[in-house]
Amino acid sequence: MKYLNAQFILPDALVKELQTYVQGGYIYVPIAQEQQKRWGEVSGYRQELAQRNQRIKEEYQSGISMECLSEKYCLSLYAVRKIIYQK
């Protein structure tokens, strides 16, 4: 996230009002609730994990042991079990 100078993007009246609360500091303005994205949606990582988990399930169903899958995907045995048994 890059910082923006309020004087360049906000009306003067709003900058003066903000200065009554904060001067020379940083203010975080969160995204509106209806525009928020879930974790990993912007980067595409959520989709990558879903595809990896699907491959793990398919390989397990084809006979590969949980231990082998654990080593192949560099995951703990517990993590592989969670993936296989999730709905």
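Below is a summary of the structure that appears in this document. Please read all numbers here as calculations on a predicted model, not as lab measurements.

Moving on, we come to unusual backbone geometry. Backbone geometry at Cys-74 places phi at a positive 55 degrees, although glycine is not the residue there. Relative to the helices and strands, Cys-74 is located in the loop between helix H4 (66–72) and helix H5 (77–85).

Within the secondary structure, Asn-53 is located in helix H3 (residues 45–61). Setting aside anything within four residues of it in sequence, one finds Asn-53 in contact with Ile-83 and Gln-86.

Moving on to the pattern of salt bridges. As enumerated under the stated definition, the model contains one salt bridge in all. Note that Lys-72 is salt-bridged to Glu-59, the shortest N-O span being 3.1 Å. Here Glu-59 lies in helix H3 and Lys-72 lies in helix H4, a separation of 13 residues in the sequence. We classify Glu-59 as buried; its relative accessible area is 15%.

Summed over the entire model, instances satisfying the criterion amount to zero disulfides. Considering cysteine sulfurs only, Cys-74 is the nearest to Cys-68, which forms no disulfide, with 13 Å between them.

Next up on the list: H3. The terminal C-alpha atoms of H3 lie 24 Å apart, and with 17 residues this matches the ideal 24 Å at 1.5 Å per residue to within 8%. Turning to H3, the residues buried within the fold contact H4 and H5. Directly after H3, the chain includes Gly-63, whose backbone phi takes a positive value near 115 degrees.

The rules we used
- Counting restarts for each chain: residues are numbered from 1 in the order of the written sequence.
- Where local features are concerned, this predicted model is filtered to residues with pLDDT of at least 70; where side-chain atom pairs are given and counted, the filter is 80 or more; whole-chain, interface and lining totals use all residues.
- Side-chain metrics rest on all non-hydrogen atoms present in the structure, leaving aside hydrogens and water.
- Helix numbers and strand numbers start at the N terminus; a helix is a DSSP run of H or I with at least 4 residues, a strand a run of E with at least 2.
- By definition in these notes, contact holds between two residues if any of their heavy atoms fall within 4.5 Å.
- By convention in these notes, a salt bridge is any Lys or Arg side-chain nitrogen within 4 Å of a carboxyl oxygen on Asp or Glu.
- Partly exposed residues are those whose accessible area sits between 20% and 50% of the maximum for their type, while under 20% is buried and over 50% is exposed, using a 1.4 Å probe and protein chains only.
- Two cysteine sulfurs form a disulfide in these notes if their separation is within 2.5 Å.
- Multiplying 1.5 Å by the residue count of a helix minus one yields the expected span of that helix.

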